Amino acid sequence: MKLSWKNRITINLVIISISLFVWVLLLINPGHIMTIEHCHVSTSGPSTASLQMLLEMNPFSSQLIGWGIMVVAMMLPKLIVPIQYICIQNFKENRLLTSLLFVFGYVSAWMLVGVFMVGAIISLNLLLPMSYIPALGVFFIAVIWQFSPIKQRCLNQGHDHRRLAVFGWPAYRDAFLFGLMHGTWCVGSGWALMLWPMLLPNGHNLAMIMVTFIMLSEHLEHPQIPRWRIDFRTKLLRILVAQTQIKLKQVQGTI
Amino acid sequence: MATFTRKNAWNNNGTFDNPDLLWYAKAVQVMQSRPISDPTSWWFYAAIHGEYLLPASMIPSSFPDYQYLNWINISYIATTAKIDKIPAQKLTDLFWDQCQHATWYFLPWHRGYLVSIENILRDIIINQLKGPEDWALPYWNYLNQSTQNTEQNIPPAFTDVSLPDGKPNPLHVVERYGSIIEIGNAENSANDICQFDTIYSDGSSPAPLGPGDSTGYFYSGGETGFMHEGGSETGDIEMNPHNFVHGMVGGRNKKKQTGLMGVPNTAALDPVFYLHHANVDRMWAAWNETGKNENSSKPSWLVGPSAHGNSRFAMPLDLKGNPWFYTPADTQSTNNLKYNGTTYSYTYDDLSLTSFEKAPPSEPMRISERFAKLGIRDLHNVIKMTNDRKTELVGASSGTLKIKNSETQATVKLNTTAWESVSRSFFIAPIPSIPDEVFLQLEGVNGGSDSNFLSVYVNEKFVKSVSLFGLLSASMKNNFHGGAGLTFKFNITNIIDDLHLAGNIDIDSLNVQVKAKDALHKGDEITIDRIGVYRVSQ
């Protein structure tokens, strides 16, 4: 069964609006919630003092919040399909709560890994401040991961839309667990891509936009047999091109 | 421009006295003599539909009993196929595993597939075998009520071991365990009731009149979006007769193994596959021929899957693997088909709408008849129809259900608030409003047993049977469907109407029984993640 057109549009608009709003926050960076540019505080190598100084200027908690905001901005549009699925799979009165629990579970997975990611970012900034080497290293890891069977396995699992209980607390549990598992597979497929922009001394925002496009695109692809394969997974681009062509043909009256 | 005519395979009693079948067999033999690396080989063409070949370990360990479907284990595949030397990946990526099932592209994709192989076969017949230039693919109309032949049987040309010249018959398949189609309106029978559908799909124009699916289901499935997640809706013609016939022809052997035709990834190895699909194609042409039925006019249907960023339909034209790309728009009409830059034309010697059914279904879900049944005066002239119907879950089963031997039973608990809305819809119906339609859905059906059938009962009333064709593929985790399994949707409005008339609409649960036609493999089982009940309202 499918949700009505109106319900689907509503979900799309709400999610895309939230994502855009958070993107604006990130790009304008009010109150310096994205602390990445302040990480490069020392050029004298790692030491207790430099770590303390760095953490004083950029508390771990605020870096983690920044990480969470980045996850929401980048990945929320990816949740449109599972949230539509949750809504049609649940009673009307439970749609909102179960959707929120799903998002909470999903973000939890990214936040958990965020602790390690932020730790890694701090360490690399202390070791090699203002250097492109960490970003370059992670970029190569990301490229290898990108074409690996493990990545494909994670992407495939992202299509596993588990059946949900709908009565009582199991309904809420299932929605949360669905989000947690969905997030876990998403982390599995995209951890390296997400880490890469964070390590760039410059061009961080542009890299984030590129990574968002790649990650949204690859999650739109169908599951495939896991194997080594150079596959740029450009489905989002293909959709945009095809839909533009269709609109143009409609305007010209040739379709 | 020549118009080729596809004729009944049962002409000349379905034997090799029928020249269409004899030349088909000879040309199939030529294609079968080519190695799988040749895009014009029989084996390559079968893999276009689907394969269990790449890689050899494709059938996962969770389905060990199905290793016999792996192509390396299929005795029908000749050694000349050289299946250990698979073609270059760019060819397999472009051409293999394309079949469109449970999508609204089912009909146009298969039409292009037939046209493509028909041209290769004709080319062999004319240029290599010096046969008739007007040869066309015959069709097997298993629903034909001929008094001369029992046409629900597979034509004898497919069961003879030898050709008239004594050579092995390439149309004879060892791993084909079924031989007759059970036709009728009983459970698990093939019929052509679908031909009375008037709507191509939910994306069709003009929009369907009435709530839910006004005739129960759509002719060619629900609209296919950019992702093919679980919950896709198989169209009426695809389910019955198409899927039913696949299961019946595939059949099962004594080890309860499914024959090639019963599974999508082996089906096109069997030469009878193309005659079965020619019949489905003929039915579509006949459905269009009435002038009352229209294919979808939505751009995303006309353009095909590439409208949603998915691969284009592609068929190899020659041994180099040069492709013919096509869209549903190209294949809309059999007499004006856009084939490889030219116009191609074919027809059928019989374009009767139906061969078995002569009257519309006895219990249709048409609005006016539903109103009559419910005692509501004819109001549909004053009822404002909307295209955006609301769908809402009203009840669901708990926990995974298992069909171990041949049946399972479940209580589908209903949500009080949501079910009250269904009740209320009946009482406001005399005002210009239509009572809700109610659907039952088997969600996440997983397992093997593709040639099997499931029958569904609600409160001990038979609802419908469905074929499990494609179940194994849909249950594989790292496959196209992502392990989502199959989803089956049933319109149970009739049963809800009866409950209403009996004064039993205010209930808190429905009893659902699911029966498998054939006993399952020992140690194997079919699972159903959930049974959901949905209301659809205006």
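Here, every reference points to the structure presented above.
Per chain, residue numbering runs from 1 following the sequence as it is written. Each chain gets a letter, beginning with A, and each ligand a number, beginning with 1, in the order they are written. Local features in this predicted model are restricted to residues of pLDDT 70 or higher, and side-chain atom pairs are both shown and tallied only at a pLDDT of 80 or more, whereas totals for entire chains, interfaces and linings draw on every residue. Water and hydrogen atoms were dropped before computing side-chain values, which therefore reflect all heavy atoms in the structure.

Caption draft 1: A look at the overall build of chain A. Only DSSP runs of H or I covering at least 4 residues are called helices, and only runs of E covering at least 2 are called strands; the numbering of each starts at the N terminus. When helices and strands are counted, chain A shows 10 helices and 0 strands. In chain A, the succession of α and β elements from N to C terminus is α-α-α-α-α-α-α-α-α-α. Taken over the C-alpha trace, chain A has a radius of gyration of 20 Å; the compact-globule value for 255 residues is 18 Å, and the two agree within 12%. Overall size of chain A, expressed as C-alpha extent along the three principal axes, is 60 × 50 × 40 Å. Note on definitions: a residue-residue contact is assigned when non-hydrogen atoms from the two residues lie within 4.5 Å. Look at the contacts in chain A between residues 6 or more apart in sequence, and 77% of them connect residues 24 or more apart. Within this scheme the basic residues Lys and Arg register as positive and the acidic residues Asp and Glu register as negative, but His and the chain ends are omitted. The atoms used to mark charge sites are NZ of Lys, CZ of Arg, CG of Asp and CD of Glu. Put simply, chain A has 18 plus and 8 minus side-chain charges, and the middle of one group is 13 Å from the middle of the other. Atoms counted for the radius of gyration: C-alpha only. Globule rule: 2.2 Å times residue count to the power 0.38.

Caption draft 2: Main features of the packing of aromatic side chains. Residues and elements named next belong to chain B. In summary, the pairing rule links any two rings of Phe, Tyr or Trp, Trp by its six-membered ring, whose centres are within 6.5 Å, and it sorts them by plane angle into stacked for under 30 degrees, edge-to-face for over 60 and tilted for everything else. For the structure on display, the rule yields 37 aromatic pairs over all chains. With centroids separated by 5.3 Å and ring planes inclined at 65°, the aromatic side chains of Trp 42 and Tyr 274 adopt a geometry described as edge-to-face. Remark: Tyr 274 occurs in helix 7 (residues 272-289) and Trp 42 occurs in helix 2 (residues 42-49); sequence separation between them is 232 residues. Relative accessibility decides the category of a residue: with a 1.4 Å probe and only protein chains considered, values under 20% of the type maximum give buried, values over 50% give exposed, and everything between is partly exposed. Judged by its relative accessible area of 0%, Tyr 274 falls in the buried class. Both rings, one in Phe 44 and one in Trp 96, keep their centres 5.6 Å apart while their planes meet at 70°; by these two values the pair is edge-to-face. On the criterion of sequence distance, the pair formed by Phe 44 in helix 2 and Trp 96 in the loop between helix 3 (89-95) and helix 4 (106-128) is long-range, its members being 52 residues apart.

Caption draft 3: Structural context of the pairing of strand 14 (residues 509-516) of chain B. Residues and elements named next belong to chain B. Sheet analysis places strand 9 (residues 407-414) next to strand 14, joined by 7 bridges and oriented antiparallel. Its bridge partner being in strand 14, Val 412 is matched across the sheet by Leu 510. Whether two strands pair depends on DSSP finding at least two bridges between them. Pairing of strand 11 (residues 453-458) with strand 14, which is carried by 5 bridges, proceeds in the antiparallel orientation. By the bridge assignment for strand 14, Leu 454 is matched with Ala 516.

Caption draft 4: Spotlight on the interface of chain B and chain A. Each partner contributes residues to the interface: chain B has 50 residues there, and chain A has 40 residues. As a working definition, buried area equals the accessible area (1.4 Å probe) given up by two parts on being put together, with both sides summed. Summed over both sides, the interface of chain B with chain A buries roughly 3800 Å², with 54% coming from carbon and sulfur. Basic side-chain nitrogens of Lys or Arg form a salt bridge, by our definition, when they fall within 4 Å of a carboxyl oxygen of Asp or Glu. There are 3 salt bridges connecting chain B and chain A. Across the pair B:Asp529 and A:Arg163 runs a salt bridge, and its minimum N-O distance is 3.5 Å. Polar contacts here mean pairs of N or O atoms no more than 3.5 Å apart (in protein, one a potential hydrogen donor and the other a potential acceptor; neighbouring residues in sequence count only if both atoms are side-chain atoms). Counting every contact that joins chain B to chain A gives 15 residue pairs in polar contact (both at pLDDT 80 or more). Of all the secondary-structure elements, those providing two or more residues to the side of chain B that touches chain A are helix 3, helix 8 (299-303), strand 7 (390-396), strand 9, strand 10 (437-446) and strand 15 (526-537) of chain B. Element by element, the count of residues in the side of chain B that touches chain A is highest for strand 7 of chain B, at 7 residues. Looking at the side of chain B that touches chain A residue by residue, the class counts come to 18 nonpolar, 17 polar and 15 charged. Think of it as three bins: nonpolar holds Ala, Val, Leu, Ile, Met, Phe, Trp, Tyr, Cys and Pro, charged holds Asp, Glu, Lys and Arg, and polar takes everything else, Gly as well.

Taken by themselves, the reported measurements are silent on function.
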